[in-house]
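# Structural overview
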Amino acid sequence: MSILIAGSSGLIGRALAASLRNEGIAVRRLVRPQSAGEGIRWDPTTGSFPSEALDGVEAVVNLGGRSIGEKRWSEREKALVRDSRVVPTRVLAEAIAAQPNPPVLINASAVGYYGNRGDVAVDETAAAGEGFLAEVCVAWEEATAPVAAAGARVVLLRSGIVLSSHGGALRSLLAPFGPRWIAPYRWGLGGVVGRGDQYWSWISLADHVRVVRHLLGSNLSGPVNAVSPHPATHREFIKALGKALHRPTVVPIPKFLLKVILGTELAEALVLYGQKVVPARLQADGFRWNDTDLESALRAALAS
Ligand SMILES: NC(=O)c1ccc[n+]([C@@H]2O[C@H](COP(=O)([O-])OP(=O)(O)OC[C@H]3O[C@@H](n4cnc5c(N)ncnc54)[C@H](OP(=O)(O)O)[C@@H]3O)[C@@H](O)[C@H]2O)c1
């Protein structure tokens, strides 16, 4: 089996590639001009695709996209976030669809698809929500359409917060100005932001890699929520984080302060809004999570 990964230098891509290679599965990387490391060069901004990249490939995993939480959301930044997902996905999808035997596509998306849902549980049948992240996810998922039209299997991977201190949403949430922003929590000076009753749907990095590997071998297509079966409220999440760090989390962080730091739209999308996401399709497909306890999963993430 040979797997092509785009966005392979990121948090999930690195862990996925290592897991596949450990089991002797051939991994081919698509690397942009500015990417680190070796692989097949592509520049999605030009619209062209190196056709040899897909020779003998049975599945493509597309994980690329500009980080959503590291810069304030100006209109320009929002365009960069959106285009860095939609444009490469379209280029990749058209190249896959042009193959005589198009490979499977597993394409990243996010639980942001569902918008802000309060305490209403949402599974994959729920409609898209409102707001910038939901709009990005809709366009990102739609960009895969040529692959499904060519008759190949497409999985839309709606990921929740992937727990790792090395990158991804958790680091962005806890470290909007770089990894050291976690310091207030480490010093016992952090706490709940706002009311804390918004839901955060999470998954350990190890389970996320297992989800992708499960999907490579299953027949599922369409949206799949890549989250643990136990979403937590923000209050529960911060309490578990404090326990994992052995620190109190009793100093509340005022909403207005976060909005001043991040800008209102990013603060809402990343921290103050949430979704209680149910991984219904993985459950029905027999997937078993290893990490179902948030505090243990956070402890493991912070220790690695
Ligand atoms: N981690 C999470 O908590 C989480 C949650 C929900 C959804 N997701 C989504 O899942 C995907 C993978 O997540 P991740 O945490 O591994 O992300 P990540 O660590 O930020 O890595 C994303 C990768 O995308 C590529 N990339 C960066 N800027 C780009 C640009 N402007 N245009 C095209 N590609 C660009 C880079 O890989 P190359 O240099 O190798 O191309 C980068 O390593 C992302 O699309 C992310 O939005 C992640």
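Our structure is the block above this text.
Residues numbered from 1 in each chain as written. Predicted model: local features only at pLDDT ≥ 70, side-chain atom pairs only at ≥ 80, totals over all residues. Heavy atoms only, no water.

### Quick notes on the overall build of the chain
Operational definition: For helices the rule is a DSSP run of H or I covering at least 4 residues; for strands it is a run of E covering at least 2, with both sets numbered from the N terminus onward. When we talk radius of gyration, it's over C-alpha atoms, and the globule rule is simply 2.2 Å times the number of residues to the 0.38. Contacts are residue-level and defined by heavy atoms, with any inter-residue pair within 4.5 Å sufficient. Surface exposure here means Shrake-Rupley accessible area, sampled with a 1.4 Å probe, where a residue is shielded only by the protein chains that are shown. The sign given to each residue is positive for Lys and Arg and negative for Asp and Glu; His and the chain ends receive no count. To locate a charge, take NZ of a lysine, CZ of an arginine, CG of an aspartate or CD of a glutamate.
Of the regular secondary structure elements, the chain holds twelve helices and 13 strands. Taking 19 Å as the expected radius of gyration for a compact globule of 304 residues, we find that the chain reaches 19 Å, a close match to that expectation. Sequence-distant contacts in the chain: of pairs separated by 6 or more residues, those separated by 24 or more amount to 77%. For the chain, the accessible surface area stands at approximately 13400 Å², while carbon and sulfur atoms represent 52% of it. Distance between charge centroids for the chain: 7 Å, based on 33 positive and 27 negative side chains.

### Here we look at the site of the ligand
Test applied: We call a residue near a molecule or strand as soon as one heavy atom of that residue lies within 4 Å of the molecule or strand. For the purposes of these results, a polar contact is taken to be a pair of N or O atoms within 3.5 Å, where, inside protein, one atom must be able to donate a hydrogen and its partner to accept one; residues adjacent in sequence count only when each atom of the pair is a side-chain atom.
For the ligand, the set of nearby residues contains 24 residues, the closest of which are L11, I12, R32, S35 and R85. Within the backbone of L11, a nitrogen or oxygen atom sits 2.8 Å from an oxygen atom of the ligand. Among the elements of the structure, α1 (11-22), α2 (75-97), β5 (104-110), β8 (161-163) and α5 (168-174) are those that each provide at least two residues to the shell around the ligand. Counting residues per element, the shell around the ligand draws most heavily on β5, at three residues.

### Describing the sheet that holds strand β7 (residues 154-159)
Rules: For two strands to count as paired, DSSP must find a minimum of two bridges between them.
The seven strands are arranged β3-β2-β1-β4-β5-β7-β11 in an open sheet whose pairing can be described as parallel. Sheet topology places β3 (40-41) and β11 (222-226) at the edges, where each strand pairs with a single neighbour. Bridge analysis of strand β4 (residues 59-62) against β5 gives four bridges, and the strand direction is parallel. Opposite V61, over in β5, you have I106 as the bridge partner.

### What to know about the packing of aromatic side chains
Our working definition: Ring pairs are drawn from Phe, Tyr and Trp, using the six-membered ring of Trp, whenever the two centres fall within 6.5 Å, and their geometry is named by plane angle: stacked under 30 degrees, edge-to-face over 60, tilted for the rest. Relative accessibility thresholds used throughout: buried, under 20% of the residue-type maximum; exposed, over 50%; partly exposed, between the two (1.4 Å probe, protein chains only). Two conditions define a charge sitting above a ring: the NZ of Lys or the CZ of Arg must be within 6 Å of the ring centre, and it must be within 35 degrees of the ring normal.
Scanning all chains against the criterion turns up five aromatic pairs. Relative to F237, the ring of W200 lies with its centre 4.9 Å away and its plane at 65°, an arrangement referred to as edge-to-face. Within this pair, whereas W200 is found in strand β9 (residues 199-200), its partner F237 is found in helix α8 (residues 234-245), the two being separated by 37 residues in sequence. Accessibility classification places W200 together with F237 in one group, the buried group. Plain terms: the ring middles of F287 and W289 are 4.9 Å apart, the flat faces sit at 90° to each other, and that makes the pair edge-to-face. For the pair formed by F287 and W289, the shared burial category is buried. Note that R85 overlies the ring of W140, its terminal NZ or CZ placed 5.0 Å from the centroid. One cation-aromatic arrangement involves R158 over Y113; the distance from NZ or CZ to the ring centre is 3.5 Å.

### Here we look at the nonpolar core
The nonpolar side chains of soluble globular proteins are, as a tendency, buried together. For clarity, the cut-off: Put simply, a nonpolar core is a bunch of buried Ala, Val, Leu, Ile, Met, Phe, Trp, Tyr and Cys residues held in one set by side-chain atoms that sit within 4.5 Å of each other.
Counting residues in each nonpolar core, the largest one holds 40 residues, and the members touching the most others are I5, V61, I106 and L215. For this core, the elements supplying multiple residues, two or more each, are β1 (2-6), α1, β4, β5, α3 (132-142), β7, α7 (205-217) and β11. Considering every element that reaches this core, the biggest residue donor is α7, with six residues. In terms of nonpolar packing, the next biggest core, distinct from the first, is built from 32 residues, V193, W200, L262 and L302 among them.

### Some points on the pairing of β1
Counting buried positions along β1 gives five out of five residues, so the element sits mostly inside the fold. The sheet contact formed by β1 and β4 spans four bridges and is parallel. Across the sheet, the residue bridging to I3 is A59, located in β4.

### What to know about the pattern of salt bridges
What counts here: By definition here, a salt bridge exists when the distance from a side-chain nitrogen of Lys or Arg to a carboxyl oxygen of Asp or Glu is within 4 Å.
One pass over the structure, following the stated rule, counts nine salt bridges. The partner of K259 in a salt bridge is E268, and the shortest N-O contact between them spans 3.8 Å. Overall, K259 belongs to the partly exposed group, its relative accessible area being 25%. A relative accessible area of 18% means that E268 is categorised as buried.

### What to know about the packing of α1 against α7
In plain terms, the rule: An axis is simply a line fitted to the C-alpha atoms; with a helix, the fit covers only the stretch in contact. Between two such axes, the angle follows the N-to-C directions and lies from 0 to 180 degrees. Two helices cross in a left-handed way if the nearer one is turned anticlockwise from the farther one by less than a right angle. They cross in a right-handed way if the turn is clockwise. Note on residue classes: Ala, Val, Leu, Ile, Met, Phe, Trp, Tyr, Cys and Pro are nonpolar, Asp, Glu, Lys and Arg are charged, and everything else, Gly too, is polar.
Viewed as axis vectors pointing N to C, α1 and α7 meet at an angle of 60°, and their least axial separation amounts to 10 Å. For the element pair α1 and α7, the recorded crossing hand is right-handed. Contact with α1, carried on its side by L11, I12, A15, L16, S19 and L20, involves L205, H208, V209, V212, R213 and L216 of α7 and no other residues of that element. Residues that form the contact of α1 with α7 fall into these classes: nine nonpolar, two polar and one charged.

### Let's talk about the pairing of β5
Note the threshold: Handedness is read with the strands pointing away from the viewer; a crossover is right-handed when the path from the first strand over the helix to the second is clockwise.
Burial of β5 is extensive: six of the seven residues sit out of reach of the surface. Viewed along the sheet, the connection from β4 through α2 into β5 turns out right-handed.

### Overview of α1
The criterion, for reference: What a helix should span is 1.5 Å times the count of its residues minus one.
Under the 1.5 Å per step criterion, the end-to-end length of α1 is 17 Å for twelve residues, consistent within 8% with the ideal 16 Å. Among all positions in α1, only L11, I12, G13, L16, A17, S19 and L20 are buried. Within two residues after α1, G24 carries a phi angle of roughly 80°, on the positive side.

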